[in-house]
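# Commentary on secondary and tertiary structure
Letter by letter, the chains look like this.
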Amino acid sequence: MTSFVKIVGGFAIVAVIAASAVPFVARADDKDAIDYRENIMKSLDAQTADLGMIVSTQIPDDNLVAHTKALAILAKQAQKSFESKIPGGDAKPELWANYADFQKRMDDFVAKTADMAASAEKGGMPVVMEKMVPALTCKGCHDLYRVKK
Amino acid sequence: MTRLLQFAAGLAFAAALTLPAIVRASEPDDVIEYRKNIMKTLGAQAAALNATLQGKAPAESFTLHAQVLAIAASEALIAFTPKVEGGDSKPEVWAKWDDFSKKMKEFAANTADLAKTAEAGGAAAAQPKMQGALTCKGCHDTYRQPLKK
């Protein structure tokens, strides 16, 4: 009986070690991927806020084109950053369950921000004002695929 | 004559309505928020660039991060020109404006070179230029308030 208890106890210790070790490794990798895409989302948020301040004339428009160019590249970064399909962070499970729809929305985001950047260079503020709302569809995607803040 | 007077009065009225919107100076809080957003972008993109080199993020995104760093550096150069005190800026920014301005110009030029090198030769070609381009700490130590812990 004593040796049975020892064996069970031994198994329990091994199980505890295994349970703590495996998720630790998984968490370390996942955390990197989540931190990475969160840095991209932070950049998108910051550049969008600044573009908004320019369009609402709070800030002069010297950097107008620069912000649109940054947003176009950041959209590409964002698209790639989700390809690892690592759940967690602020991503809802629906993102992975409806990945084809999510991907389509990211494709649109990349295409429309690229179009806005190319147009901004030629047409300036009036063109940006026209293209901004259809290009920066952040909320539509966040409502579906981001955990509520 | 009456018509001319009416026209002139109309023009003056229109000018009075539109002029303040165009030439009004930005509110100091807006200027500070605006440049903080650019600094947030720089911090997040520098972290993401490092992640691509450490195998924590897609290696092919290195160039995309270098490109955004170059754009954000050019934005930062403009964002400080209204010379609005406050935020995380130490008084030294304004007291030693020539040195600060020189450092910002170098930052913009060196990150632009980093991005061009990455576009042409990828991360391997650009990596040796990283340290010389991302001189964030050197400037922050002199010109940014210590971060609150």
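Residue numbers here run from 1 along each chain, matching the order of that chain's written sequence. For naming, the first written chain is A and the first written ligand is 1, with later ones following in the order written. Whole-chain, interface and lining totals are the exception, using all residues; otherwise, since this is a predicted model, local features are given only for residues with pLDDT of at least 70 and side-chain atom pairs are given and counted only at 80 or more. Side-chain metrics rest on all non-hydrogen atoms present in the structure, leaving aside hydrogens and water.

### Examining the packing of aromatic side chains
Threshold: The criterion for an aromatic pair is that two Phe, Tyr or Trp rings (for Trp, the six-membered ring) have centres within 6.5 Å, with stacked assigned to planes under 30 degrees apart, edge-to-face to planes over 60 apart and tilted to the rest. What counts as a helix is a DSSP run of H or I of at least four residues, what counts as a strand is a run of E of at least two, and both are numbered from the N terminus. Only protein chains enter the calculation, and the probe is 1.4 Å; a residue is then buried if its accessible area is under 20% of its type maximum, exposed if over 50%, and partly exposed in between. Over a ring means this: the NZ of a Lys or the CZ of an Arg is within 6 Å of the ring centre and within 35 degrees of the ring normal.
Throughout the structure, instances matching the rule amount to 10 aromatic pairs over all chains. Pairing Phe80 of chain B with Trp94 of chain B gives two aromatic rings, centres 6.4 Å apart and planes at 35°, and the pair type is tilted. Of this pair, Phe80 of chain B sits in the loop between helix 3 (62–79) and helix 4 (92–95) while Trp94 of chain B is found in helix 4, placing the two residues 14 residues apart along the sequence. Both residues of the pair, Phe80 of chain B and Trp94 of chain B, count as buried. A centroid spacing of 5.3 Å and a plane angle of 80° characterise the contact between Phe100 of chain B and Tyr143 of chain B, whose relative ring orientation is edge-to-face. Placement of the pair is Phe100 of chain B in helix 5 (residues 97–126) and Tyr143 of chain B in helix 7 (residues 136–143), with a sequence separation of 43 residues. On the basis of relative accessibility, which here comes to 4%, the residue Phe100 of chain B falls in the buried class. Grouped by ring-pair contacts, the aromatic residues Phe82, Trp96, Tyr99, Phe102 and Tyr145 of chain A constitute a single cluster. Directly above the ring of Tyr99 of chain A sits Lys85 of chain A, whose terminal nitrogen or CZ lies 4.3 Å from the centroid.

### Points about the interface of chain B and chain A
Selection criterion: Contact definition: two residues touch when any of their heavy atoms are within 4.5 Å. In short, buried area is how much 1.4 Å probe accessible area vanishes from two parts on joining, totalled over both. Just to be clear on terms, a salt bridge is a Lys or Arg side-chain nitrogen sitting within 4 Å of an Asp or Glu carboxyl oxygen. Definition of a polar contact: a pair of N or O atoms within 3.5 Å, with one able to donate and the other able to accept a hydrogen when the atoms are protein atoms, and with sequence-neighbouring residues admitted only if both atoms are side-chain atoms.
Chain B puts 30 residues into the contact, and the matching count from chain A is 29 residues. Here chain B meets chain A over a buried area of about 2,400 Å², counting both sides, of which 59% is carbon and sulfur. Counting the contacts that link chain B with chain A gives 0 salt bridges. For the pair chain B and chain A, the number of links is 14 residue pairs in polar contact (both at pLDDT 80 or more).

### Observations concerning helix 3 of chain B
Condition: Expected helix span is given by 1.5 Å per residue-to-residue step, counting one fewer step than there are residues.
The terminal C-alpha atoms of helix 3 of chain B lie 25 Å apart, and with 18 residues this matches the ideal 26 Å at 1.5 Å per residue to within 8%. With 15 of 18 residues buried, helix 3 of chain B is to be regarded as a mostly interior element.

### Considerations on the environment of Arg146 of chain A
Residue and element names in this part refer to chain A. Take Arg146: it is sitting in the segment after helix 5 (138–145). A relative accessible area of 30% places Arg146 in the partly exposed class. When the C-alpha atoms of Arg146 and Lys92 are compared, they prove to be 5.3 Å apart, with 54 residues separating the residues in sequence. Not counting the four nearest positions on each side in its chain, Arg146 is found in contact with Asp90, Lys92 and Cys141.

### Details of the confidence of the model for chain A
All names here are of chain A. Note the threshold: Summary of the metric used: pLDDT quantifies the predictor's per-residue confidence within the range 0 to 100.
Scored by pLDDT, chain A comes out at a mean of 87, with 81% of its residues at no less than 70. Ranking the helices and strands of chain A by mean pLDDT puts helix 2 (residues 64–81) first, with 98, and helix 1 (residues 2–55) last, with 70. Overall, residues 7–28 carries pLDDT values under 50, and its contacts beyond four positions in sequence, including any with other chains, amount to 1 contact.

### Focus: the pattern of salt bridges
Residue and element names in this part refer to chain A. One pass over the full model with this rule turns up 11 salt bridges over all chains. The partner of Lys31 in a salt bridge is Asp35, with the nearest N and O atoms 2.8 Å apart. Here Lys31 pairs with Asp35, and both are found in helix 1, just 4 residues apart, close to one helical turn. We note a salt bridge from Asp143 to Lys139, for which the minimum N-O separation is 2.7 Å. Of this pair, Asp143 and Lys139 both sit in helix 5, separated by 4 residues, roughly a single helical turn. Classification of Asp143 as partly exposed rests on a relative accessible area of 44%.

### Let's talk about the environment of Ile86 of chain A
Residue and element names in this part refer to chain A. Following the sequence through the fold, Ile86 ends up in the loop between helix 2 and helix 3 (93–97). Looking at Ile86, the relative accessible area reads 17%, which means it is buried. Setting aside its immediate chain neighbours within four residues, Ile86 contacts Asp30, Ala33, Arg37 and Trp96.

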